[in-house]
Amino acid sequence: MKRISIFQKLFLPAGVLLMMLGLYRCANVMAPTGGPKDVTPPKVVKSIPANHSSGFRGNKFSITFDEYITLDKITQQLLVSPPMAELPDFRIKGKTLTIRFRDKLKSNTTYSVFFGDAIQDITEGNPLHNYTYVFSTGSSVDSMSLRGQVVNAEDLKPVDNVFVMLYKNNNDTISLDSLPLRVKPFYVSKTDKKGNFIFSGLADTSYLIFALQDKNYSMTFDQPTEQIAFLDSLVKPQYRPKPQIDSSVFDTITSLPADSIKLIADSLWHRADSLADAKLTLYKLYLFQEADTMQNLLSAKLLRENTVQFVFALPGKNITVQSLNFHPDSLWHKSEWSQSGDTLLWFLRLPHPDTLNLLFLSGKDTLDNLDLRVIPKQKFIRRRKKDTLKKKKYLSWKSDIRGVIKPGQKVVLTFGQPIARILPDSILLVQGKDSLYHPRFTFIDSLHRRLYFPIKIKDATSYLLYLPDSSVMDWNHFYNKKIQLSMHAKALKEYSDLNIDLQPSTPGNYIFEILKESNDKEKPVDIRYFSGKTVLRFPRINPGKYRFKIIFDRNGNNKWDPGDYLKKQLPEKAIYLKGVVILRANWEINETWKF
């Protein structure tokens with residue numbers, strides 16, 4: 001009975017002929033042009049003993065390549081499984097690499113020698129990615145395989161250059177869950193650009209799997225800033241069928257040039273190899289950095305004139321900051337915490353010393369004690385050779401409005417210091433072409449820094465908010481420069497309206513985010529929170545390409561949270577609506593998402 005190969009299942013004869021013709025055309029002789037840069041990694045020509053061989057004797061093996069090679073950071077990248085006390089010796093002679101073991105090999109044991117990206121061609125430094133040499137000192141070689149993918153837990157993008165580790169439950173003194181913290185793994189692989197990894201030559205047993213962005217090449221999770229991934233259950237390898245290609249296929253291409261035959265063969269073997277991998281279960285690992293659990297002062301600095309910023313590792317619920325060298329009778333500073341609760345601003349009132357000696361407490365525990373300079377170094381603008389003039393200082397301000405404003409959006413000016421006085425009759429608002437009046441305003445914070453103008457915004461209308469020079473004074477008697485805030489409300493037909501019907505399979509806490517499609521870090525355009533089936537409506541969205549994301553907010557704190565390895569707590573799940581949603585001007589879009 002004729003065998004049906006993987007290749008025959010995959011390709012139609014017409015497809016093979018097209019590929020052959022295309023490659024033949026590529027192989028036509030042309031005048032030399034210098035050629036493209038070499039990006040091909042070294043290829044293994046032979047190994048002695050052969051890779052995946054049994055009955056290994058002696059203490060060395062050699063690998064011959066198709067070009068001259070070099071070893072890059074071999075002591076950091078090489079890992080032998082089972083682990084050895086001493087690294088092997090390496091010797092390169094010509095195109096052959098010889099590895100000699102210093103440790104005595106165990107009997108009836110399958111060894112895996114993982115090179116990472118250490119083997120590179122000597123001319124361009126192209127690495128042979130994740131090359132692994134497997135051999136057994138017994139009569140058979142462990143032949144099980146395991147594959148998977150590592151993605152960023154927050155945005156689901158593949159992550160490359162991550163070590164993926166397997167641990168056996170064979171340590172008498174350390175529990176299985178503690179092994180990634182204390183000992184090197186039994187087997188190791190590394191992710192490629194698509195986040196994929198594969199293990200071969202595994203014993204038929206269950207393993208703990210752990211992924212690590214190993215910053216110090218210790219092969220253990222020993223740095224709090226290292227990103228990790230894990231599964232909350234053990235994994236089991238599977239048998240990977242040997243890739244097969246029907247040899248009769250090559251009879252049809254014998255008339256082609258040798259380089260075309262080689263290209264076709266490489267392509268067929270690569271495809272067959274991928275099909276063999278596809279028969280294995282794909283384990284998905286979600287990479288994250290654990291949240292800091294220890295309160296610390298991360299930074300203390302003079303942010304701008306008379307404004308000090310303190311940044312903490314965690315929200316400062318029980319934080320107090322004391323001045324040890326300055327105790328005036330009157331109020332000399334005001335405090336303001338950020339919305340996230342981890343950043344504290346001090347607004348200083350003049351006069352104050354050049355330097356403050358500050359004590360930071362978390363409850364009754366001392367976090368830090370430092371001297372902080374709170375007077376900037378003086379800068380002068382040279383006008384003449386002999387005369388200098390000190391640069392005049394003004395009250396700073398900012399606004400979240402960047403030209404375009406929507407009906408219902410608040411008009412707020414945020415000043416750099418608490419405000420002591422405003423000249424209301426000097427402030428003007430120009431609406432459209434001919435409407436001019438003094439707008440109402442009010443402070444919306446206790447420090448009198450955020451000045452709110454309750455302007456009723458109309459579609460297709462322009463606005464200009466004008467505050468003349470010296471119309472606002474802060475508590476240190478600094479005045480503003482002239483402020484002109486131009487705003488324009490677009491016509492309703494220039495926007496898109498979105499209605500999305502969200503249908504979770506189970507009730508819970510969820511976060512819905514609209515994301516602008518870009519290559520940059522995710523910045524939500526809008527965020528909503530919901531707990532069951534609901535229809536969310538988003539009027540007046542700018543036309544463009546968007547992605548929709550849902551976070552399974554396990555603890556209901558209205559933000560995505562990473563996992564915790566010791567607690568066996570995986571990161572909060574995030575999913576995306578498949579594909580990109582295009583919102584067009586003057587359209588109303590209706591979407592349904594079942595999850």
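Now for a description of the structure that goes with this document. (Residues numbered from 1 in each chain as written. Predicted model: local features only at pLDDT ≥ 70, side-chain atom pairs only at ≥ 80, totals over all residues. Heavy atoms only, no water.)

**Details of the sheet that holds strand 40 (residues 534–541)**
Piece 1. Spatial strand order, 40-37-44: three strands in an open sheet with mixed pairing. The sheet is open, and its two edges are formed by strand 40 and strand 44 (588–594), each paired on a single side. Averaged over all neighbouring strand pairs, the angle between strand axes comes to 15°, with direction disregarded. (Pairing = 2+ DSSP bridges. Helix = DSSP H or I, 4+ residues; strand = E, 2+ residues; numbered from the N terminus. Axes fitted to C-alpha atoms, helices over the stretch in contact; angles between N-to-C directions.)

**Thoughts on the environment of Phe210**
Piece 1. Tracing the backbone shows Phe210 in strand 14 (residues 208–212).
Piece 2. The buried category is assigned to Phe210, whose relative accessible area is 0%.
Piece 3. Sequence separation between Phe210 and Leu231 is 21 residues, and the spatial gap between their C-alpha atoms is 7.3 Å.
Piece 4. Here Phe210 is in contact with Phe163, Val164, Met165, Tyr167, Pro180, Phe221, Ile228, Ala229, Phe230 and Tyr565, once residues within four sequence places are set aside. (Buried < 20%, exposed > 50% of the residue type's maximum accessible area, 1.4 Å probe, protein only. Contact = heavy atoms within 4.5 Å.)

**Side note on a positive patch on the surface**
Piece 1. A contiguous patch of positive charge, built from Lys60, Arg91, Lys93 and Arg100, is present on the exposed surface.
Piece 2. Among the structural elements, Arg91 can be located in strand 5 (residues 89–93).
Piece 3. Assessed through its relative accessible area of 57%, Arg91 is described here as exposed. (Patch = residues over 30% accessible without salt bridge, like charges linked within 9 Å, V, L, I, M, F, W, Y side chains within 5 Å. Areas by Shrake-Rupley, 256 points an atom, 1.4 Å probe, with all protein chains shown as cover. Salt bridge = Lys/Arg side-chain N within 4 Å of Asp/Glu carboxyl O. Lys, Arg positive; Asp, Glu negative; His and termini not counted. Charge placed at Lys NZ, Arg CZ, Asp CG, Glu CD.)

**What to know about the packing of aromatic side chains**
To describe a pair of aromatic rings, you give the distance between the ring centres and the angle between the ring planes.
Piece 1. Following the criterion strictly, the structure yields 30 aromatic pairs and no others.
Piece 2. For the pair Phe101 and Phe135, a centre-to-centre distance of 5.7 Å together with 45° between the ring planes defines the contact as tilted. Of this pair, Phe101 sits in the loop between strand 6 (96–100) and strand 7 (110–114) while Phe135 sits in strand 9 (residues 132–136), and the two are 34 residues apart along the sequence.
Piece 3. Aromatic pair Phe441 and Phe453: ring centres 5.9 Å apart, planes at 55°, arrangement tilted. With a gap of 12 residues between them, Phe441 in the loop between strand 31 (435–437) and strand 32 (442–443) and Phe453 in strand 33 (residues 450–453) connect regions that are remote in the sequence.
Piece 4. Exposure remark for Phe453: the relative accessible area of 0% places this residue in the buried category. (Phe/Tyr/Trp six-rings, centres within 6.5 Å; stacked < 30°, edge-to-face > 60°.)

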